[in-house]
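Residues per chain are reported as follows:
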Amino acid sequence: MTRARQTRGSAAGQGAGFLRAANLERAAVPHGFGMRGSAEPPGVRRAAQVHGARVLCADGPAGAALSQPAGETPRPPHRTEAPREADALYATHPGVTIGVVTADCVPILLAALAPTAAATPAGATPAAATPTAAPAVAAIHAGWRGLAAGVIEAAVAALRRAAPRSALCAAIGPHIGPCCYEVDAPVLTALFDSPAPPSPQLAPPNALRPTRPGHFLLNLGAVAQHRLTRAGLPAAHITTIPHPCTRCAPHFASYRRDGPQSGRMLHWIAVPVSPRGGRVAP
Ligand SMILES: [Zn+2]
């Protein structure tokens, strides 16, 4: 886990500012995790979030519709999805900014970057000079339903298709903590694809704590981290923003604390424009 820092009144947002992830900062990828009162930067493209696993491409011109990724077989819908409904977006055109909103769910920002020699496997040719290497970015809204439906895996796959030979970095933003997130056994079964935790990191006492019969306090961020790792991201490329629980900390929006009045926090990421952006730094 690496550090994050907070900036106030940056060029991208005023007011409460945004939290930044160290790994994306090192790679010079513009991004921010919002809090209550963070002003939305102009031009952020967003989908209508429905707690599913659909990924859409946001590369069209400003005002254009989000699009089904090229060459992708449409996922069989579990429900009828309107054209703008998706819980992950990706973009590859420099300057395009995408975002998701949350209030307790897990926001994840992903970047597919040109690997440095340090990030390239021994014997392989660094892909930095390959036009298709990078960069590309994605933003994911991951509650338990989206995690169970595979939204992280779908977004990682879309980025790998959009930017082959890239190295992926991920940053996990502020979300509800295990202090306040109680789930029952059917939710766990859906999240784990089995009745038992799929890894020691998700087993008690690490990410699960029994409460009343059939119920557990769950570390949802640990599930997201596990899914990213299972999708092939090295642990060293995943940063979790150090943060208190969104329900416990008043500077975050929390649906569980405030209900429909909670508002939402915006988390955004942009395809780097500058020449120094979009590279995995050692
Ligand atoms: Zn809490």
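Bear in mind that the values here come from a model prediction, so they are computed numbers and not experimental data.

Caption draft 1: Seen up close, the overall build of the chain. Along its length, the chain carries six helices and 15 strands. Out of the 282 residues in the chain, the part that is buried amounts to 48%. Here the analysis covers contacts within the chain between residues at least 6 apart in sequence; of these, 75% occur between residues at least 24 apart.

Caption draft 2: Region of the structure containing the nonpolar core. Counting 81 residues, the largest nonpolar core has Leu89, Tyr90, Val137, Ala155 and Leu159 as its most contacted members. Looking at this core element by element, the count peaks at eight residues for helix H3 (residues 151-162). Leucine 89 has contacts with Arg45, Ala47, Leu56, Ala58, Leu66, Ile98, Ala138 and Ala139, leaving out every residue within four places of it along the chain.

Caption draft 3: Structural context of the sheet that holds strand E11 (residues 182-184). Strand order in this open sheet of three strands is E11-E13-E12, and the pairing throughout is antiparallel. Each edge of the sheet is formed by a strand with only one pairing partner; in this case those strands are E11 and strand E12 (208-210). With direction set aside, neighbouring strand axes in the sheet form an average angle of 40 degrees. Where helix H4 (residues 185-192) meets the sheet, it contacts E11 and strand E13 (215-218), and its direction lies at approximately 85 degrees from that of E11.

Caption draft 4: Seen up close, the pairing of strand E6 (residues 88-91). With burial as the criterion, each face of E6 is covered, one bearing Ala88 and Tyr90 and the other bearing Leu89 and Ala91. Pairing of strand E5 (residues 55-57) with E6, which is carried by three bridges, proceeds in the parallel orientation. Its bridge partner being in E6, leucine 56 is matched across the sheet by leucine 89.

Caption draft 5: Region of the structure containing the environment of alanine 167. Here alanine 167 shows up in strand E10 (residues 167-172). Along the backbone, alanine 167 and leucine 233 are 66 residues apart, and their C-alpha atoms lie at a distance of 8.4 Å.

Caption draft 6: Region of interest: unusual backbone geometry. A cis amide bond links proline 204 to the next residue, proline 205, at an omega of 0 degrees. Here proline 205 shows up in the loop between H4 and E12. Of note in the backbone geometry, aspartate 104 takes a positive phi value of approximately 110 degrees without being a glycine. Of note, aspartate 104 is situated in the loop between strand E7 (97-102) and strand E8 (106-113).

Caption draft 7: Layout of the environment of glycine 232. Mapped onto the secondary structure, glycine 232 falls in the loop between helix H5 (220-230) and strand E14 (238-240). Of the residues examined, glycine 232 has 12 C-beta atoms within 10 Å and is grouped as exposed. For the pair formed by glycine 232 and valine 156, sequence separation is 76 residues and the distance between their alpha carbons is 8.9 Å.

Caption draft 8: Highlighting the sheet that holds E14. What the six strands build is an open sheet, ordered E5-E6-E9-E8-E10-E14; its pairing is mixed. Edge strands, defined here as strands with exactly one partner in the open sheet, are E5 and E14. Pairs of neighbouring strands in the sheet enclose a mean axial angle of 15 degrees, with direction left out of account. Taken strand by strand, H3 contacts E5, E6, E8, strand E9 (136-142) and E10, and its axis lies near 170 degrees from that of E9.

Parameters at a glance
Residues numbered from 1 in each chain as written. Predicted model: local features only at pLDDT ≥ 70, side-chain atom pairs only at ≥ 80, totals over all residues. Helix = DSSP H or I, 4+ residues; strand = E, 2+ residues; numbered from the N terminus. Buried ≥ 20, exposed ≤ 12 C-beta atoms within 10 Å, placed from the backbone. Contact = placed C-beta atoms within 7 Å. Core = buried A, V, L, I, M, F, W, Y, C linked by C-beta atoms within 7 Å. Pairing = 2+ DSSP bridges. Axes fitted to C-alpha atoms, helices over the stretch in contact; angles between N-to-C directions.

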